[in-house]
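Chains, contacts and geometry: an overview
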Amino acid sequence: MLSNEEIATYLNEGLVVIKTKLSYDFMSEMRADIASFLPENQTKIRDFVPGLMDAGFGLKFGGRPEILDIVTQLIGSNIILWACSIFGKPAKNGKATPWHQDAAYWPIYPMAGCTVWIAIDDSLPENGCLCYIPGSHKLEKIFTHSHQKPSQFTISQAIEASDLNLSYAKEALVKNGYVSIHDSLLIHSSKPNYSSQRRAAVTFRYMPTSSYYDHEQEEIDNQLQGKVRTYKRILYLVRGRDICGRNVVTYPPL
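Below is a short write-up of the structure. Here the residue numbering is sequential within each chain, running from 1 through the sequence in written order. Thresholds applied to this predicted model are a pLDDT of at least 70 for local features of residues and 80 or more for the giving and counting of side-chain atom pairs; totals over whole chains, interfaces and linings are not thresholded and use all residues. Working from all heavy atoms in the structure, the side-chain values ignore hydrogens and water.

1. Some remarks on the state of the cysteines
For clarity, the threshold we go by: The rule for a disulfide is simple: a pair of cysteine sulfur atoms within 2.5 Å. Buried, partly exposed and exposed residues are distinguished by accessible area as a fraction of the type maximum, computed with a 1.4 Å probe on protein chains only: under 20%, between the cut-offs, and over 50%, respectively.
Under the counting rule described, the total for this entry stands at 0 disulfides. Not engaged in a disulfide, the cysteine Cys84 finds its nearest cysteine sulfur in Cys114; these two sulfurs lie 13 Å apart. By relative accessible area, which is 3% here, Cys84 ends up buried.

2. What about the sheet that holds strand 12 (residues 187–190)?
What counts here: At least two DSSP bridges between two strands are needed for those strands to be called paired. A helix here means a DSSP run of H or I that spans at least four residues, while a strand means a run of E at least two residues long, and both kinds are numbered starting from the N terminus. As a rule, the C-alpha atoms of each element are fitted with a line to give its axis, helices using only the stretch in contact, and angles between N-to-C directions run from 0 to 180 degrees.
Taken in spatial order, the 4 strands make up an open sheet running 4-12-7-10, and their pairing is antiparallel. Either end of the sheet is taken by a strand with one partner, and the two such strands are strand 4 (97–101) and strand 10 (170–172). Each strand of the sheet is rotated relative to its neighbour by a mean of 30 degrees, with strand direction disregarded.

3. Concerning the pattern of salt bridges
Worth spelling out the cut-off: One speaks of a salt bridge when a side-chain nitrogen belonging to Lys or Arg is within 4 Å of a carboxyl oxygen belonging to Asp or Glu.
On inspection of all chains with the given rule, the structure shows 11 salt bridges. A salt bridge links Arg64 to Glu66; the shortest N-O distance between them is 3.7 Å. Taking relative accessible area as the criterion, Arg64 reaches 19% and is therefore assigned buried. Residue class for Glu66 comes out partly exposed when judged on its relative accessible area of 32%.

Read these as layout, nothing more, since geometry by itself doesn't imply function.
Set out below in structure tokens:
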């Protein structure tokens, strides 16, 4: 469970690094299951590895009580898990991630949600740890994002530099086995990784069921961005019930 201080940090800054490490058993099981996605050569993993929900990995670990108990304290007790991926940030040639908001990519109305980041490797300044602007989520605004060259960055959209005040930017240092959580509206980025140490982490995306995940808008957005997706994203109701009554949810198997 989160301390009052950790909850306050999340609410005030939009990101919190939890002080308690995940259990040895949890991390050992996760590392074993994720091994097939992580090449032995630390320079070979992709910067972004999606599809862990399809592989069953996302629900297996993202639906665990030790994770959901944390998320419940931050976004409420009615929760959808809808995505899981690896941010690989390979050694020597890891790409930078430009300043952005996760919310700019998500068709969630009203916008609400969080990302749980579980560090597989130490995430430090030298290997491109996450940087963020504390409190930027409180503006409750999705900034204009412009197109970026995918060959240079991990993602295709970034906030215009003129909209940013980087004087308050901070770095989120997360040791392996620890967790950070950030709000969907938080402005954040990461630098390239030229070090010899990979910076892999698993992320889980959650939203409260008081919001609606708009599949039709997602399809429109994908077409505009040239993405090809032949399936509809599954929304797993991992805790509580669908408050808004509009989400087409799937219940995890017992």
